[in-house]
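Analysis of the macromolecular model
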Amino acid sequence: MDDDELSAGAVARRLGVAVTTLRSWHQRYGLGPSRHAPGRHRRYTGDDLARLEVMRRLTADGLPPAEAARWAREAPPALADDLLAPTLVRPEVVRDGGRHTLPVGAAGPSARGLARAAMRMDSMAMVRLIGDALETDGVVAAWEGLLCPVLIAIGERHAASGVLVEVEHLLSRCVSEALAAATRAAAPDGVPRVLLACAEEEQHSLPLEALTAALAERGAPCRLLGARVPLVALVDAVNRTGPEVVMLWSHAPFTADPAQLRAVLDVPRRPVLLLAAGPGWDVPTLPSGVLHPASLSEALAQIGAILGPRR
């Protein structure tokens, strides 16, 4: 029997997988036999085999099956060998043990493109992709649909293996640059009524930078104090500027001391709304009246209720 007419058993033996695996790939991802003759079982063609070899190699290299199947279906059979050849390995296709691509779940092609650019450490491509998304989709959609999936994927990979610190730093800088450019482009005027700050010792300021850009997009200027704001400095800033809304961000539990929130509530010029944002906070321990937004969209809605209609 030649390559143009293979049974499931023959394909399984060539690939070194179980027949049940072939059936699963057929049922779940549409990678099944394409040749059918009346009165006979379906047979795999050479093109089918080439696509299944792509699927087998990519899943063995650690790519999630759904993503591997997408590559297998889209790759022209004539290019299957090129996709797998060691001299022509594409970082966005073959994970090489998980080092060269990032799984971004159900996020769309823009997130996959940004993940590939991040893994190549291509800062110009990252800034361009992020800037295009901010301009086309708006800050909230770009943050939640593009940036968060990629940042989370890098964070999870680092937590699991200790690698990608350099990728995370470069991507964070590119995100920061793009968000700052979006804020400048919006150029909101007026007196800032919102004060944003990271908790003491908290270094992750990107979510606050995203909120700053989202507020600017809505015509609402704000003051962003940035990372690692000492409590005394935060209290002084609240007293000096009298903001109606204060948000304190904590990414990690060790930076999320509720005493910082109580200090803000005790200032003479107490804000109308105090938000404790980020996964670091233990919600049951928050002082009464302090809100804990679960997303950028929710934070904008809560702040918008104080600031009034979008300008």
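Residues numbered from 1 in each chain as written. Predicted model: local features only at pLDDT ≥ 70, side-chain atom pairs only at ≥ 80, totals over all residues. Heavy atoms only, no water.

1. Some points on the overall build of the protein
On a plain count of helices and strands, the protein comes out with 13 helices and 4 strands. Going through the 311 residues of the protein one by one, you find that 45% of them count as buried. Partitioning the intrachain contacts of the protein with sequence separation of at least 6 by distance along the chain shows that 67% fall at a separation of at least 24. For the protein, the exposed area adds up to about 15400 Å²; of that, 53% sits on carbon and sulfur atoms. (Helix = DSSP H or I, 4+ residues; strand = E, 2+ residues; numbered from the N terminus. Buried < 20%, exposed > 50% of the residue type's maximum accessible area, 1.4 Å probe, protein only. Contact = heavy atoms within 4.5 Å. Areas by Shrake-Rupley, 256 points an atom, 1.4 Å probe, with all protein chains shown as cover.)

2. Let's talk about the nonpolar core
In terms of nonpolar packing, the biggest core is built from 55 residues, with Ile-130 and Leu-171 touching the most fellow members. Take this core: its biggest share by element is 10 residues, from helix 8 (residues 139-161). Leave out the neighbours within four places in its chain, and Leu-171 touches Leu-114, Met-126, Ile-130, Val-150, Leu-151 and Ile-154. If you look at the next biggest cluster of nonpolar residues, it comprises 20 residues, including Leu-195, Ala-237, Leu-248 and Val-290. (Core = buried A, V, L, I, M, F, W, Y, C linked by side-chain atoms within 4.5 Å.)

3. What to know about helix 6 (residues 109-120)
One turn of an α-helix holds 3.6 residues; hence residues three or four places apart share an orientation. Taking 1.5 Å of rise per residue, 12 residues should cover 16 Å, and helix 6 covers 17 Å from first to last C-alpha, within 8% of that figure. Those residues of helix 6 that sit buried are Ala-111, Arg-112, Gly-113, Leu-114, Ala-115, Ala-117, Ala-118 and Met-119. At the exit of helix 6 stands Met-121, carrying a positive phi of roughly 55°. (Expected span 1.5 Å × (residues − 1).)

4. Here we look at the pairing of strand 3 (residues 245-249)
For strand 3, the buried fraction is high: 5 of the 5 residues fall into the buried class. Bridge count for strand 3 against strand 4 (residues 273-277) is 5 bridges, and the pairing is parallel. The residue of strand 4 that forms the bridge with Trp-249 is Ala-277. (Pairing = 2+ DSSP bridges.)

5. Quick look at the layout of surface pockets
What the largest pocket holds in volume is close to 880 Å³. Around the largest pocket, the lining is made up of 30 residues, and of these Trp-143, His-204, Pro-207, Trp-249 and His-251 lie nearest the centre. Mapped by element, the contributors of at least two residues to the lining of the largest pocket are helix 8, helix 9 (165-186), helix 10 (206-217), strand 3 and helix 13 (296-307). Among the elements that make up the lining of the largest pocket, the one with the highest residue count is helix 8 (8 residues). Residue composition of the lining of the largest pocket, grouped by class: 16 nonpolar, 11 polar and 3 charged. (1 Å grid on protein atoms, 1.4 Å probe; cavity = no way out; pocket = protein on both sides within 12 Å on 5 of 7 lines; lining within 4 Å. Points joined across faces, edges and corners; volume = space filled by probe spheres on them. Nonpolar A, V, L, I, M, F, W, Y, C, P; charged D, E, K, R; others polar.)

6. Brief notes about the pattern of salt bridges
Enumeration according to the criterion identifies 6 salt bridges in this entry. Across the salt bridge formed by Glu-177 and Arg-173, the nearest N and O atoms sit 2.3 Å from each other. Linking Glu-177 with Arg-173, this pair stays in helix 9, spanning 4 residues, or about one helical turn. A relative accessible area of 37% places Glu-177 in the partly exposed class. (Salt bridge = Lys/Arg side-chain N within 4 Å of Asp/Glu carboxyl O.)

7. Focus on the side chain of Glu-202
Mapped onto the elements of the fold, Glu-202 is located in the loop between strand 1 (194-198) and helix 10. Buried charged residue Glu-202 carries no salt bridge. Nearest counter-charge: Arg-228, at 8.9 Å. (Lys, Arg positive; Asp, Glu negative; His and termini not counted.)

8. Here's the deal with helix 1 (residues 8-15)
Those residues of helix 1 that sit buried are Ala-10, Val-11, Ala-12 and Leu-15. Directly after helix 1, the chain includes Gly-16, whose backbone phi takes a positive value near 75°.

9. Some words on the sheet that holds strand 2 (residues 223-224)
Strands sit in the order 2-1-3-4 across an open sheet of 4 strands; the sheet is parallel. If you trace the sheet from one side to the other, it starts and ends with strand 2 and strand 4, each paired once. Pairing analysis gives 2 bridges linking strand 1 to strand 2, with the strands arranged parallel. The partner of Leu-195 across the bridge, within strand 2, is Arg-223. Sheet strands in contact with helix 11 (residues 231-241) are strand 1, strand 2 and strand 3, and its direction is about 175° off that of strand 1. Its contacts with the sheet put helix 12 (residues 258-265) on strand 3 and strand 4, and the angle it makes with strand 4 is roughly 170°. (Axes fitted to C-alpha atoms, helices over the stretch in contact; angles between N-to-C directions.)

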